[in-house]
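Each chain, letter by letter, is given below.
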Amino acid sequence: LLLAGIPLEVKGTFEMAPGLTMVQMTEDLSCPPLIPGFALKPPPLWEVKDPKEIIFEKAEDEDGDMVKVELGSGSFGRVYAGTFRGHAVAIKQMPVVGEEIIKAFRKEVSITFRLQHKNVARCFGGSIMKKFVRLISERLEASLHDDLHVTQMEMSAEYVRNVIRQVAQGLA
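Description of the structure in this document.

Details of the layout of surface pockets
Argument step 1. Considered as a void within the structure, the largest pocket measures approximately 1,400 Å³ in volume.
Argument step 2. Along the wall of the largest pocket there are 36 residues; nearest its centre are A121, L140, A142, S143 and L144.
Argument step 3. Going through the elements one at a time, strand 7 (70–73), strand 8 (78–84), strand 9 (87–95), helix 1 (99–114), strand 11 (132–138), helix 2 (144–150) and helix 3 (157–171) are the ones with two or more residues in the lining of the largest pocket.
Argument step 4. No other element matches the seven residues that helix 3 contributes to the lining of the largest pocket.

Some details on the side chain of S137
Argument step 1. Relative to the helices and strands, S137 resides in strand 11.
Argument step 2. Note on S137: relative accessible area 18%, which makes it buried.
Argument step 3. Setting aside its immediate chain neighbours within four residues, S137 contacts A88, V89, A90, R122, C123 and F124.

Regarding the pattern of salt bridges
Argument step 1. For the structure shown, the criterion picks out six salt bridges.
Argument step 2. For E53, the salt bridge is made with R85, and the minimal N-O distance between the two is 2.7 Å. Of this pair, E53 sits in the loop between strand 3 (20–27) and strand 4 (54–56) while R85 sits in the loop between strand 8 and strand 9, placing them 32 residues apart in sequence.
Argument step 3. Given the relative accessible area of 55%, R85 is considered exposed.
Argument step 4. Note that R78 is salt-bridged to E70, the shortest N-O span being 3.2 Å.
Argument step 5. Residue classification places R78 among the partly exposed positions, given a relative accessible area of 40%.

Some words on helix 1
The α-helix winds at 3.6 residues per turn, so residues separated by three or four positions along the chain end up facing the same way.
Argument step 1. In this model helix 1 runs 23 Å from its N-terminal to its C-terminal C-alpha over 16 residues, within 8% of the 22 Å that 1.5 Å per residue would give.
Argument step 2. Listed as buried for helix 1 are I102, F105 and V109. Viewed end-on, helix 1 has its buried residues packed into an arc of 60°, placing them on one side of the element. Exposed side chains of helix 1 directed beyond 90 degrees from the buried face belong to E100, K103, K107 and R114.

Rules and cut-offs
Per chain, residues are indexed from 1 in the order of the written sequence. Note on the predicted model: pLDDT of at least 70 is required for a residue's local features to be given, and 80 or more for side-chain atom pairs to be given and counted; whole-chain, interface and lining totals, by contrast, use all residues. Excluding hydrogens and water, the side-chain figures rest on all heavy atoms present in the structure. The pocket and cavity definitions rest on a 1 Å grid over protein atoms only: a 1.4 Å probe that fits but cannot leave marks a cavity, an open set with protein on both sides within 12 Å along at least five of seven lines marks a pocket, and residues lining either have an atom within 4 Å of a point. Grid points are joined across faces, edges and corners, and a volume is the space filled by probe spheres set on the points. Helix and strand labels come from DSSP, where a helix needs a run of H or I of at least four residues and a strand needs a run of E of at least two; each type is numbered from the N terminus. Burial classes follow relative accessibility: with a 1.4 Å probe on protein chains only, a residue under 20% of its type's maximum area counts as buried, one over 50% as exposed, and anything between as partly exposed. In what follows, a contact means two residues having at least one pair of non-hydrogen atoms within 4.5 Å. When a carboxyl oxygen of Asp or Glu lies within 4 Å of a side-chain nitrogen of Lys or Arg, that pair is called a salt bridge. In this analysis, the expected span of each helix is defined as 1.5 Å times one less than the number of residues it contains. Our arc is simply the arc of the directions from the helix axis toward the C-beta atoms.

Here you go:
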């Protein structure tokens, strides 16, 4: 049986009432679909379908314009403050400059989405758009980067050992 070019097989039938039969079907994986590249595959759990769920925090700049609150930037893109489904988040936004970026992004978000550890920032998901991709993760109050490079905080040997231990636990 074909439905929209997808081969299906009947798994069972159930008579619901006289003249009314329910048919249980599944995709027939032994037969390729007639439409190349088309398959009944649910989207990944991490994929954010509605970009309107990602809300950027904004602040007034020196010219009086409202701009996104930037938390940081790097060679891959910028990180902004925002909210997602009621959570304070960091939104890593990277420009799409080719298919390789999207492929690498899918890999990164699918791995980070599954990580569950108290020493690893939680990943809420990601979004792929025409011009850029966004990775949405838990926004942390403290930053080791800021401690090292911005405030240049004095760190005792005990503090350094504690940081190393926490990083190792998060990687284990």
